[in-house]
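What the coordinates show
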Protein chains: 2
Amino acid sequence: MELTYKGYAGKILRINLSRGKITDQEIDNEFARLFLGGNGFGIKILADELDPDVDPYSPENKLIFMTGPLNGTRAPATPKYIVQGKSPLTGFYADSVSSGEISAELKFAGYDGIVIEGKASRPSYIYIDNGDVEIRDAGDIWGRDTFETQEMIKEEVGDADVQVAAIGPGGENLVRYASVIQGYRAAGRCGFGAVMGSKNLKAIAVRGDDSVEVAMPEEFYEWVDTMVAEFKKNPGTGKVLFEMGTPAIVNVANGLGVFGTRNWKEEEFEGAEDISGERLAKEKLYSRGSCFSCPIGCVKVFKGVYKGKAVLSEGPEYETLYSLGSCIGNNNLDSIILMDRLCDELGIDTVSAGVSIAFAMECFEEGILKDDEVDNLKLQFGNEEAAIECLRKIAYRDGIGDLLAEGTARMARKIGKGAEKFAINVKGLEIPGHSPRGLQGMMLGYATSTRGGSHHDSRPTTEYGVVDRTTTDGKAHLTMSIQHMTAVGDSLVLCRFTERVYGFTLEWNMEHDAQPEVLRTAYVDMVNLVTGMNLSLKELVKIGERIYNLERYVNTRMGMRRSHDTLPRRIMEEPIPDGPSKGMVASKEKLNKLLDEYYSLRGWDENGIPTPEKLKELGLIKEAEVVKTLE
Amino acid sequence: MELTYKGYAGKILRINLSRGKITDQEIDNEFARLFLGGNGFGIKILADELDPDVDPYSPENKLIFMTGPLNGTRAPATPKYIVQGKSPLTGFYADSVSSGEISAELKFAGYDGIVIEGKASRPSYIYIDNGDVEIRDAGDIWGRDTFETQEMIKEEVGDADVQVAAIGPGGENLVRYASVIQGYRAAGRCGFGAVMGSKNLKAIAVRGDDSVEVAMPEEFYEWVDTMVAEFKKNPGTGKVLFEMGTPAIVNVANGLGVFGTRNWKEEEFEGAEDISGERLAKEKLYSRGSCFSCPIGCVKVFKGVYKGKAVLSEGPEYETLYSLGSCIGNNNLDSIILMDRLCDELGIDTVSAGVSIAFAMECFEEGILKDDEVDNLKLQFGNEEAAIECLRKIAYRDGIGDLLAEGTARMARKIGKGAEKFAINVKGLEIPGHSPRGLQGMMLGYATSTRGGSHHDSRPTTEYGVVDRTTTDGKAHLTMSIQHMTAVGDSLVLCRFTERVYGFTLEWNMEHDAQPEVLRTAYVDMVNLVTGMNLSLKELVKIGERIYNLERYVNTRMGMRRSHDTLPRRIMEEPIPDGPSKGMVASKEKLNKLLDEYYSLRGWDENGIPTPEKLKELGLIKEAEVVKTLE
């Protein structure tokens, strides 16, 4: 049988907001074979087109919303889209992945993705109704929160089912970690909400009436049924994620003594039980849900009652229980539910917001920030009232909020006085709740992640139980494999939780035969059934490697070098002071050894720049030429 | 340990709309021990207070929204509330059960239920914010559809998370089968939306900040975890209902040749595959969801594209695929998705609407209704365009819609000319998609169901595979047991799908040891763990029997007798004409034999009136005295 490549609509929407110009760009099969979709498509477009020196807030920065070949099909756990561009938080290329029906809807409208450039002359939103694309006035909507914005646009276009990705006050006011909200889900990290704000772009609304063609429908649907059964059977996806969701990690991490507490001064939180997944599920569960095409159903709406007033939020997820819980020394679970909701309404990232507040709290307790510099908020650890106030101030850059809205790296520079020691970020991105001291592989993971302090590119999952977390042995190879996996995953674009069922990495699946064949080849099988590309598992790994190298290439052109592949000072200087993981440390020496091993495995030079040979080997010929000019 | 009764807030809200009077009524333990909650509470209140001769649309009719002891807890699959009163469709006591967060929310607000009487002097809605209850003006909202209404009220009270049960144009215009919509779910059957309309009551909005106290929390939460695993393991709840939901029944029923087609002229539909659950899941699935506290997750949003325009709907469920599909000879799946959505927006029941249209189609094809009597709609079987037009007309009682809005029993009387032969209802309620000819037990089920043509009181589940569907043997006992079970289920108030895991009936569980002990005693265990009542399984059966007898008592006072316990003429006169169940019939003789057996088992007299002895045995002393005066 001659297989044809059918998995894509094969079209990218290009919008120049300055000129009001709207065009279609066709994708050919060759491009798709090299870059797969989503993450791959976007990074290639940016590698080709983006001026490395562009200011993230300038009209010349490009903002990309991308889907992949699986989105809009019945492939399990593929409700995601990816946002890409130069990040106002890290100053490098970064991306952010979110669930949201807009992913499938964009495919139904006939597009794989949207590339936006320029800046609208006044507040605007983009309305895509199948092939009809308009840039519409958002004057009346500007200033509204993310949920109001979605409702108002649905009302305005007269279609209650249009899917709207929107920014809130956070994005409008250029909070460097402003999020994009669609439904109740956030593309939270790296500040793409602020990039939208800088372009006067309040929202993107999408409606599509088509469906996604699948190359081998019968075999695919049969495969889906088999996989759905596997998702149900798997203890992670079938039980823990369904019953508790990511909050299940609170007690796991705290039990190991690797639960970032009070700005990582400690890693054991005496209030963990109060903010645990177990407690959430027992006492706060309001309703459940699931994303498009997902058999897991990890979505939970929790209800809190703070100061006598009830609040519903989809979430908090684990990262928020850390960032606005343990990291600010807060064991008031209801306040975390409220803050989770507030962050989504205001359109700011819960992780960066919480860690930035924790940073300010430590500075305040250390006397580096004075009462009048923090609006007299008594900014001590555990003061959840002050934290709630800070969130509102951040979104509107009011008082101390104007400082907090910059994120910890810039805050440290502005504050001076040695505050930098307390700034918990990598490449400017605040780290999430997975310890680089207690999970020794995460050291290299955070240090070499494209976007910095990210658990999305550097997965901690294996170290919570599958591999030995106390050693660095084998972690360079593991980190690299995970990065290939996440590059492929973000290109398809699928949910990270698939790793529990399909296997942690593609290399892992090739090397281990611990699981049945049908699962080991799941990633490549679904790509082939949907697209008809007939890839091998090895070729899929190569695509992952190509994409990750391309990301690094783009970032080296923006100035990223070995010196950026580092960790927060506290993390490298202070061992975990107490608890089950007492004494564990992430030292400069360990990191350097890991980096040497990692660069060598990757075929990068000692400064962390991909060699021309490596790029050429990956078919990145033009890039191989350019990289020669870098130092 | 001295167990105290803790399962209830123990309070019912009483509202008189004529007088604007709002009071609380306390529930004592004795009342709860006799009537359990939900269905039981409501029917006892109506038995005590409702004038049997009341017109359903008069201010004196009482409208009850009730929850039960399990709602608002983590007990699996308990997201339901029950609406009760005298039905404008059947003219007897009836009830309608729906999923909806308003169930839990009402408990959180401190109420077990609401009893509404009187009529507001102008369009109004009830706003319950914990203990604060207001009757508010709904002048601006009147006329809006059910979804708009929910949004407008959320906006008006400034609380996006308030839960609103609303009526649409259907209820306002007194369509006799108007529904109540909360979220996307309908209390569809028996016309309580019209009762709301008759009271000038547009909506009820509820917000509660408390939680539900559980008598034995530790044991209860452990039990819940065990049960959630059982729901996941069970092929019905863990797989079929999750993957396809109720639409899975289409191919099952059609495969047996018991799928009501073209107004039950036939029971095999050549277009079944086109409107099957398999096709919906493969081609139309948009997103999934689950109700409050439910591990099944049968909720599905489907996307259809009708005449080039996309439409999303939560549903259609199986009954709608029958009523607006096979029953009107329509195999256009996208049109059914559109009509499902339309019915919810307009606030009309999909089953009664579809069967009423089917009835009109047959009358038109038979020449009983002429072109000018059906607004020149070419009302033939299979004309889905005409059906869509009819739905709008029904909600506004426009042209032919004014006739259709009356339901098949009244339509037949108005049309005359022998049309009654084609009116497919029992006690005025149009029957759903479960054949009383092909499932011989359903004969008695429909005939003796409190509300008439109902699959909610008379469960067809066992006959689709567990017991022999071709015989009437043992069906009197089975029907009675199911009625006890559903009375208990509607009192707790839980989802019917629990029957797949916990067992079909309470008697079944006592008599059969086919399943593990933990499942056989599930119903009574969860009641005891939540309420501390320490009931036995036998006592729970007795409560079911008490409630069912009380329903019959109320209805006999409204005039219900043996002559009402009957089936549609076609069903009793024509055998299934073709297909796998060809020749099966539900004759008058069979039904009479079944009724004799059933009345005798029940302790009712030959005219279907509960005997004073039976009522006394059930502790219904006052009722036993009254029933003596009936004939």
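Attention in this report is confined to the structure presented alongside it.

Reading the values: rules and limits
- Residues numbered from 1 in each chain as written.
- Chains lettered and ligands numbered in written order.
- Predicted model: local features only at pLDDT ≥ 70, side-chain atom pairs only at ≥ 80, totals over all residues.
- Heavy atoms only, no water.
- Helix = DSSP H or I, 4+ residues; strand = E, 2+ residues; numbered from the N terminus.
- Rg over C-alpha atoms; globule rule 2.2 N^0.38 Å.
- Buried < 20%, exposed > 50% of the residue type's maximum accessible area, 1.4 Å probe, protein only.
- Areas by Shrake-Rupley, 256 points an atom, 1.4 Å probe, with all protein chains shown as cover.
- 1 Å grid on protein atoms, 1.4 Å probe; cavity = no way out; pocket = protein on both sides within 12 Å on 5 of 7 lines; lining within 4 Å.
- Points joined across faces, edges and corners; volume = space filled by probe spheres on them.
- Nonpolar A, V, L, I, M, F, W, Y, C, P; charged D, E, K, R; others polar.
- Pairing = 2+ DSSP bridges.
- Axes fitted to C-alpha atoms, helices over the stretch in contact; angles between N-to-C directions.
- Contact = heavy atoms within 4.5 Å.
- Buried area = accessible area lost by both parts, 1.4 Å probe.
- Salt bridge = Lys/Arg side-chain N within 4 Å of Asp/Glu carboxyl O.
- Phe/Tyr/Trp six-rings, centres within 6.5 Å; stacked < 30°, edge-to-face > 60°.
- Lys NZ or Arg CZ within 6 Å of the ring centre and 35° of its normal.
- Least-squares fit on C-alpha atoms with pLDDT ≥ 70 in both.
- Polar contact = N/O pair within 3.5 Å; in protein donor to acceptor, adjacent residues only side chain to side chain.

**With respect to the overall build of chain A**
In terms of regular secondary structure, chain A is built from 27 helices and 17 strands. Here the C-alpha atoms of chain A give a radius of gyration of 23 Å, agreeing with the 25 Å that 2.2 N^0.38 yields for 631 residues. Its C-alpha atoms give chain A principal-axis dimensions of roughly 70 × 55 × 55 Å. For chain A, the proportion of its 631 residues judged to be buried stands at 71%. Put simply, chain A shows about 19400 Å² of open surface, and 47% of that area lies on carbon and sulfur atoms.

**What to know about empty space enclosed by the protein**
Across all of its chains, the model carries 17 cavities of 30 Å³ or more by this definition. In this structure, the largest cavity occupies an estimated 110 Å³ of space. Surrounding the largest cavity, 17 residues form its lining, A:F242, A:S290, A:G297, B:F242 and B:G297 being those nearest its centre. Listed by contribution, the elements that provide at least two residues to the lining of the largest cavity are β13 (285-289) of chain A together with β13 (285-289) of chain B. Of the residues contributing to the lining of the largest cavity, the split by class is 7 nonpolar, 6 polar and 4 charged. Size it by volume and the second largest cavity reaches roughly 80 Å³.

**Points about the sheet that holds strand β11 (residues 185-187) of chain B**
Strand pairing in a sheet relies on backbone hydrogen bonds. The paired strands run either parallel or antiparallel. Residues and elements named next belong to chain B. Strands sit in the order β8-β7-β12-β9-β10-β11 across an open sheet of 6 strands; the sheet is mixed. Two strands in the sheet have a free side with no partner beyond their single neighbour: β8 (132-137) and β11. Going from strand to strand, the sheet's axes swing by 20° on average, the running direction of each strand aside. In terms of strand pairing, strand β10 (residues 180-182) meets β11 through 3 bridges, oriented antiparallel. The partner of Q182 across the bridge, within β11, is R185. In the packing of helix α4 (residues 146-157) onto the sheet, the strands contacted are β7 (124-129), β8, β9 (163-166), β10 and β12 (201-207), and the crossing angle to β9 comes to about 140°.

**Description of the sheet that holds strand β4 (residues 80-86) of chain A**
Residues and elements named next belong to chain A. In space, the 6 strands of this open sheet follow the order β2-β1-β6-β3-β4-β5, with mixed pairing throughout. Unpaired on one side and paired on the other, β2 (21-26) and β5 (93-99) mark the two borders of the sheet. The average angle at which neighbouring strand axes cross in this sheet is 20°, direction not considered. Pairing of strand β3 (residues 63-66) with β4, which is carried by 3 bridges, proceeds in the antiparallel orientation.

**As for the interface of chain A and chain B**
Contact residues are listed per partner, giving 39 residues for chain A and 39 residues for chain B. For the pair chain A and chain B, the summed buried area comes to about 3400 Å², and 47% of that belongs to carbon and sulfur atoms. Taken together, the connections running from chain A to chain B amount to 4 salt bridges. Contributing elements (two or more residues each) for the side of chain A that touches chain B: α3 (102-108), α7 (217-233), α8 (235-243), α10 (277-284), β13, β14 (299-306) and β15 (309-314) of chain A. Tallying contributions element by element places β13(A) first for the side of chain A that touches chain B, with 5 residues. Broken down by class, the residue content of the side of chain A that touches chain B amounts to 16 nonpolar, 8 polar and 15 charged.

**Things to note about the packing of aromatic side chains**
Scanning the entire structure with this criterion turns up 36 aromatic pairs over all chains. Seen in terms of ring centroids, A:F65 and A:Y81 are 6.2 Å apart; in terms of plane orientation they differ by 20°. Their pairing is stacked. Of this pair, A:F65 sits in strand β3 while A:Y81 sits in strand β4, placing them 16 residues apart in sequence. Owing to a relative accessible area of 4%, A:F65 belongs among the buried residues under this scheme. The cationic tip of B:K11 hangs over the ring face of B:Y111; the distance from NZ or CZ to the ring centre is 4.9 Å. Above the plane of the ring of A:F242 lies B:K232, whose end atom (NZ or CZ) is 3.7 Å from the centre.

**A few points about the relation of the copies chain A and chain B**
In screw terms, the move from chain A to chain B is a rotation of 180° and a rise of 0.0 Å along the axis, fitting with an RMSD of 0.0 Å. The transformation relating the two chain copies, once decomposed into turn and shift, fits a two-fold axis. Considering only C-alpha atoms, the residue of chain A closest to the rotation axis is A:G289, which sits at 2.2 Å. Same-surface contact between copies: 100% of interface residues of chain A are shared with the interface of chain B.

**Side note on the pairing of β15(A)**
Residues and elements named next belong to chain A. Buried residues dominate β15, accounting for 5 of its 6 residues. The pairing of β14 with β15 spans 5 bridges and is classified as antiparallel. Counterpart to G304 in the pairing with β15 is V311. Counted along the chain from β14 to the antiparallel partner β15, the turn is 2 residues long, and its residue K307 has a positive phi close to 50°.

**Observations concerning the side chain of A:S458**
Residue and element names in this part refer to chain A. Mapped onto the elements, S458 comes out in the loop between α17 (440-448) and α18 (475-492). Side-chain polar atoms of S458 contact the backbone oxygen of S454, separated by 2.3 Å. The contact partners of S458, leaving out residues within four places of it in the chain, are M442, G445, Y446, S449 and I482.

**Focus on the pattern of salt bridges**
Residues and elements named next belong to chain B. Taken as a whole and judged by the stated rule, the model has 104 salt bridges over all chains. For D48, the salt bridge goes to K44, with nearest N and O atoms at 3.1 Å. You can see D48 and its partner K44 sitting in helix α2 (residues 38-49), 4 residues apart, about one turn around the helix. Assessed through its relative accessible area of 37%, D48 is described here as partly exposed. Between E267 and R437 there is a salt bridge; the shortest N-O distance is 2.8 Å. Residue E267 is found in the loop between α9 (249-256) and α10 (277-284), and its partner R437 is found in the loop between β17 (429-430) and α17 (440-448); the two are separated by 170 residues along the sequence. By the burial criterion, E267 is buried, and R437 matches it.

**Quick look at unusual backbone geometry**
Following A:G315, the chain continues to A:P316 via a peptide bond in cis, the omega torsion being 10°. Tracing the sequence through the fold places A:P316 in the loop between β15 and α11 (318-323). Positive phi outside glycine occurs at A:K427, with the angle close to 55°. Of note, A:K427 is situated in the loop between β16 (425-426) and β17 (429-430). Classification of A:K427 by relative accessible area gives buried; the value is 10%. One non-glycine residue, B:R262, adopts positive backbone phi at about 45°. Topologically, B:R262 is positioned in the loop between α9 and α10.

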